[in-house]
Amino acid sequence: MHIQVGVTDIAITCLVTDREICADTIQLMRSNKSILSLTGDQNTYFQDLELGNRSGVTVNSSIICDRPSYLQLIISRSVVSPSMDSGPFWCKLSARSSDGSLLIEESTKQTLN
């Protein structure tokens, strides 16, 4: 995927659709670091403070057991910074299965450049 400054919004969504699990934490990762997390108490936390303080950045999220859960980051085209916003992105999930066992899963990486 290619970033076009001033043309392309960046929208990345981590989506959990398996209703047999209950998500504890959804993390959005970039370049081997967590940049944004959603916890089971519905709170979102930016680990990348520059991104969190940047105007034009929006987060949509929801964690509810037995329903789809998601964490979405949108960076408006007007504030996209290729040097800061490029790299591999992926999602990391910590959840509990219906039998109570802990699950840790990661999505495949998608690279923005």
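Structure first, text after, so check above.
Residues numbered from 1 in each chain as written. Predicted model: local features only at pLDDT ≥ 70, side-chain atom pairs only at ≥ 80, totals over all residues. Heavy atoms only, no water.

Asker: Is there a simple way to think about the pairing of strand E5 (residues 57-62) in this case?
Answerer: A regular strand carries its side chains on alternate faces of the sheet. Bridge analysis of E5 against strand E6 (residues 69-75) gives six bridges, and the strand direction is antiparallel. Bridge assignment links asparagine 60 to a residue of E6, and that residue is glutamine 72. Where E5 folds back onto E6 in an antiparallel hairpin, the turn is made up of six residues, including aspartate 66, whose phi is positive at roughly 70°. (Pairing = 2+ DSSP bridges. Helix = DSSP H or I, 4+ residues; strand = E, 2+ residues; numbered from the N terminus.)

Asker: What should I look at first to understand a negative patch on the surface in this one?
Answerer: Taken together, the side chains of Asp18, Glu20, Asp66 and Glu105 present a region of like negative charge at the surface. With respect to the helices, strands and loops of the structure, aspartate 66 is situated in the loop between E5 and E6. (Patch = residues over 30% accessible without salt bridge, like charges linked within 9 Å, V, L, I, M, F, W, Y side chains within 5 Å. Areas by Shrake-Rupley, 256 points an atom, 1.4 Å probe, with all protein chains shown as cover. Salt bridge = Lys/Arg side-chain N within 4 Å of Asp/Glu carboxyl O. Lys, Arg positive; Asp, Glu negative; His and termini not counted. Charge placed at Lys NZ, Arg CZ, Asp CG, Glu CD.)

Asker: Sorry, what's going on with the pattern of salt bridges here?
Answerer: Oppositely charged side chains can pair when the atoms bearing their charge come close. Applying the stated rule across the entire model yields five salt bridges. For the salt bridge of aspartate 48 with arginine 30, the shortest nitrogen-to-oxygen distance reads 2.5 Å. With aspartate 48 in the loop between strand E4 (44-46) and helix H1 (49-53) and arginine 30 in strand E2 (residues 21-30), this pair connects stretches of sequence that are 18 residues apart. Across the pair, arginine 30 and aspartate 48 agree in class, each one buried. Here glutamate 50 ties to arginine 54 by a salt bridge, and the two come within 2.8 Å at their closest N and O atoms. Under the relative-accessibility criterion, glutamate 50 is labelled partly exposed at 33%. Owing to a relative accessible area of 12%, arginine 54 belongs among the buried residues under this scheme. (Buried < 20%, exposed > 50% of the residue type's maximum accessible area, 1.4 Å probe, protein only.)

Asker: Got a minute to help me understand the nonpolar core in this structure?
Answerer: What tends to happen in soluble globular proteins is that the nonpolar side chains get buried as a cluster. Counting residues in each nonpolar core, the largest one holds 24 residues, and the members touching the most others are Ile26, Leu28, Ile35, Leu71, Leu73, Ile75 and Leu93. Within the residue set of this core, elements represented by two or more residues are strand E1 (10-16), E2, strand E3 (33-39), E6 and strand E7 (87-97). Aside from chain neighbours lying at most four places away, what touches isoleucine 35 is Leu28, Arg30, Tyr45, Phe46, Gln47, Asp48, Leu51, Leu73 and Phe89. (Core = buried A, V, L, I, M, F, W, Y, C linked by side-chain atoms within 4.5 Å. Contact = heavy atoms within 4.5 Å.)

Asker: Got a minute to help me understand the environment of serine 37 in this structure?
Answerer: Inspection of the secondary structure puts serine 37 in strand E3. With relative accessibility at 6%, the residue serine 37 sits in the buried group. Here the alpha-carbon distance between serine 37 and glutamine 27, two residues 10 residues apart in the chain, equals 4.3 Å. Not counting chain neighbours up to four residues away, the residues in contact with serine 37 comprise Ile26, Gln27, Asn43, Thr44, Tyr45, Gln47 and Leu71. Engagement of the side chain of serine 37 in a polar contact is seen with the side chain of serine 34, the distance being 3.4 Å. (Polar contact = N/O pair within 3.5 Å; in protein donor to acceptor, adjacent residues only side chain to side chain.)

Asker: It is not clear to me how the state of the cysteines should be interpreted in this structure. Could you clarify?
Answerer: Working definition of a disulfide: a covalent bond connecting the sulfur atoms of two cysteines. Tallied over the full model, the rule gives two disulfides. The side chain of cysteine 14 participates in a disulfide bridge whose partner is cysteine 91; the two sulfur atoms lie 2.0 Å from each other. Judged by the sign of its S-S torsion, about -85°, the cystine formed by cysteine 14 and cysteine 91 is left-handed. Of this pair, cysteine 14 sits in strand E1 while cysteine 91 sits in strand E7, and the two are 77 residues apart along the sequence. Residue cysteine 14 shares its accessibility class with cysteine 91, and that shared class is buried. Disulfide pairing places cysteine 22 opposite cysteine 65 at an S-S distance of 1.5 Å. Residue cysteine 22 is located in strand E2, and its partner cysteine 65 is located in the loop between E5 and E6; the two are separated by 43 residues in the primary sequence. (Disulfide = S-S within 2.5 Å.)

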